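# Commentary on secondary and tertiary structure
Read off the chains here:
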Amino acid sequence: MSVPSPDGQTRRRRLLTGLRPTGKLHLGNYVGTLENDVRLQSSGEYECFFLIADYHALTTYYEQSRQLGGNITETLLDFLAVGIDPEKSTIYLQSLVPEVAELFLLFTMLVSISRAQRIPTLKEQVRDLKLESASLGLLNYPVLQAADILMVKGEVVPVGKDQSSHIELTREVARRFTQLYGPVFPEAEALIGRVPTLPGTDGKPKMSKSLGNVILLSDDARTVTAQVKRMYTDPTRIHATDPGHVRGNPVFVYHDAFNDHKDEVADLKRRYRRGQVGDVEVKQKLAAALDRFLDPIRERRAYFAQRPQLLEEILLAGSERARAEARKTIEEAKEAMGMTYFLGSRGLVAAQH
Ligand code: ATP
Ligand code: MG
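## Observations concerning the overall build of the protein chain
Scanning the protein chain from terminus to terminus reveals 14 helices and six strands. C-alpha atoms of the protein chain, sized along the principal axes, occupy 85 × 45 × 40 Å. Within the protein chain, buried positions represent 49% of all 353 residues. Put simply, of all contacts in the protein chain between residues at least 6 apart along the chain, 74% involve residues at least 24 apart. For the protein chain, the accessible surface area stands at approximately 17500 Å², while carbon and sulfur atoms represent 52% of it. When the 47 basic and 45 acidic side-chain charges of the protein chain are each reduced to a single mean position, those positions are 4 Å apart.

Printed below as a string of structure tokens:
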């Protein structure tokens, strides 16, 4: 879809996806966001930006800052492995576009402390990571995310359901900015994935890097089999002859999401409900389906993993492109705010409006 720009030309809508380099990416990241990213990139209708959000990683991993370098490479490899194409899209690193920190600072004035405290992911993070309390950095997580999105004037943001409250805050920031200073920023829309929240292999409601209940996009066949074997299924079922529950059973959620043999899935569900199939067979077929799904991803990952020079070039070139956008946006924002002190003819004196 294209939108008319002031000069009468049409430009493609902008899409932004950000991932924290807190570890390798997993199946949840795939169905929550990456799948939509690749689809919309290929449609050619969107100008796509893919961000590796290392400042965001610091909000919970500030003590492990030295590990970020390695994680950034892994995240980049995962992006490329699923089919994000640096020829079509801009892949960049947050800390190589420091202008985002400036925009973030401007935005912090537009969000009250109590509003930031109402974001549900904040409480979840504090609970899941067993933090004593949230740092200011963590409280500001969604405000920094608003800066990421609006810095490139993102209009579509593919995310898992857990992030929808952050996009709502981004919309509020854009609206508030428009009210106060004028229309610089669009109102971004969240695009929730086909599976809004993929459960963890342990049966917890969400697969998360930080919870370790994951199947990684980079896992080899043996690891996938081992993970699937350990997977949580229907706790009420003791023998293969007991009728089992399919709904809410993570093994079947994964079958639905990843098994391309739909007849096989329907047959397994029918037999499971009647107590005519054991967990072993259901899990073997799931592991095989996951391998079919992951094989092309593993292949592309291996290709790029052998080319460290190319990885560096991709990230540097993307970050330069993103930075040029960021500079333009900051300039527009400051102009709208009347912060044009050095642009006026009288030097330090602010330009009169
Ligand atoms: P962390 O535990 O470090 O927060 P994460 O596994 O939640 O990691 P993120 O980098 O925070 O991953 O999220 C990247 C994207 O993937 C976001 O759009 C998020 O909503 C989505 N996502 C993460 N986990 C899932 C899941 N289990 N199901 C669907 N989408 C998910
Ligand atoms: Mg997360």
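Having seen the structure, we can now continue with the description.
## Some thoughts on the domain arrangement of the protein chain
Partitioning the protein chain into structural domains gives domain 1 (2–199 + 307–350) and domain 2 (219–303). Spacing between the C-alpha centres of domain 1 and domain 2 amounts to 34 Å. Each partner contributes residues to the interface: domain 1 has 16 residues there, and domain 2 has 13 residues. Here domain 1 and domain 2 share an interface that buries about 1300 Å² over both sides, 63% of which is from carbon and sulfur atoms. Summed over the shared surface of domain 1 and domain 2, the result is six residue pairs in polar contact (both at pLDDT 80 or more). Breaking the side of domain 1 that touches domain 2 down by element, the ones donating at least two residues are α1 (27–43) and α3 (68–82).

## As for helix α6 (residues 120–128)
Given 3.6 residues to a turn, an α-helix orients residues that are three or four positions apart in the same direction. If you check which residues of α6 are buried, you get T121, L122 and Q125. Down the axis of α6, the buried set is contained in an arc of 105 degrees. They therefore lie on one face. Pointing more than 90 degrees away from the buried face of α6 are the exposed residues K123 and R127. In this fold, the buried residues of α6 make contact with α2 (54–61), α5 (113–117), α7 (136–139) and α9 (164–181). Two residues or fewer after α6 comes K130, characterised by a positive phi angle close to 50 degrees.

## Some points on the pattern of salt bridges
Overall, the coordinates contain 27 salt bridges when judged by the stated rule. Linking R13 and E189 is a salt bridge whose minimum nitrogen-to-oxygen distance equals 3.3 Å. Of the two residues, R13 sits in strand β2 (residues 10–19) while E189 sits in strand β6 (residues 189–192), which places them 176 residues apart along the sequence. Among the salt bridges present, the one from D78 reaches R301, with a minimum N-O distance of 3.0 Å.

## Observations regarding the site of ligand 1
As a matter of local geometry, ligand 1 sits amid 21 residues, with H26, D162, L198, K206 and S210 nearest to it. The contact in question runs from a nitrogen atom of ligand 1 to an N or O atom on the backbone of G28, over 3.1 Å. For ligand 1, the accessible surface in isolation is 600 Å², of which the surrounding protein chains cover 96%. A per-element tally of the shell around ligand 1 places α1 first, with four residues. Looking at the shell around ligand 1 residue by residue, the classes come out as six nonpolar, 11 polar and four charged.

## Notes on α3
For α3, built from 15 residues, the straight-helix expectation of 21 Å at 1.5 Å per residue is met to within 8% by its first-to-last C-alpha distance of 21 Å. Here α3 has its buried residues at L68, N71, I72, T75, L76, L77, D78, F79, L80, A81 and V82. G83 sits one or two residues past α3 and shows a positive phi near 115 degrees.

## What to know about the packing of helix α11 (residues 250–258) against helix α12 (residues 262–274)
Between α11 and α12, whose axes approach to 9 Å, the crossing angle comes to 160 degrees. Classed by the angle they form, the pair α11 and α12 counts as roughly antiparallel. The hand of the α11/α12 crossing is left-handed. Taken together, the residues of α12 that come into contact with α11 (itself represented by F252, H255 and D256) are K262, V265, L268, K269 and Y272. Each residue belonging to the contact of α11 with α12 can be placed in one class, and the counts come to four nonpolar, one polar and three charged.

## A few points about the packing of helix α8 (residues 141–151) against α9
Packed helices, taken two at a time, are described by the angle their axes make and the gap between the axes. Running from amino to carboxyl end, α8 crosses α9 at an angle of 65 degrees, the nearest separation of the two axes being 9 Å. One element, α8, and the other, α9, form an angle in the roughly perpendicular class. In terms of crossing hand, the pair formed by α8 and α9 is right-handed. On α9, the residues that touch Y141, P142, V143, Q145, A146, I149 and L150 of α8 are H166, I167, L169, T170, V173 and A174. In terms of residue class, the contact of α8 with α9 is built from 10 nonpolar, three polar and no charged.

Each value, and the rule that gives it
- Residues numbered from 1 in each chain as written.
- Chains lettered and ligands numbered in written order.
- Predicted model: local features only at pLDDT ≥ 70, side-chain atom pairs only at ≥ 80, totals over all residues.
- Heavy atoms only, no water.
- Helix = DSSP H or I, 4+ residues; strand = E, 2+ residues; numbered from the N terminus.
- Buried < 20%, exposed > 50% of the residue type's maximum accessible area, 1.4 Å probe, protein only.
- Contact = heavy atoms within 4.5 Å.
- Areas by Shrake-Rupley, 256 points an atom, 1.4 Å probe, with all protein chains shown as cover.
- Lys, Arg positive; Asp, Glu negative; His and termini not counted.
- Charge placed at Lys NZ, Arg CZ, Asp CG, Glu CD.
- Domains from an automatic or database assignment.
- Buried area = accessible area lost by both parts, 1.4 Å probe.
- Polar contact = N/O pair within 3.5 Å; in protein donor to acceptor, adjacent residues only side chain to side chain.
- Arc of directions from axis to C-beta.
- Salt bridge = Lys/Arg side-chain N within 4 Å of Asp/Glu carboxyl O.
- Near = heavy atom within 4 Å.
- Nonpolar A, V, L, I, M, F, W, Y, C, P; charged D, E, K, R; others polar.
- Expected span 1.5 Å × (residues − 1).
- Axes fitted to C-alpha atoms, helices over the stretch in contact; angles between N-to-C directions.
- Parallel < 35°, antiparallel > 145°, perpendicular 65-115°, else oblique.
- Left-handed = near helix turned anticlockwise from the far one by under 90°.

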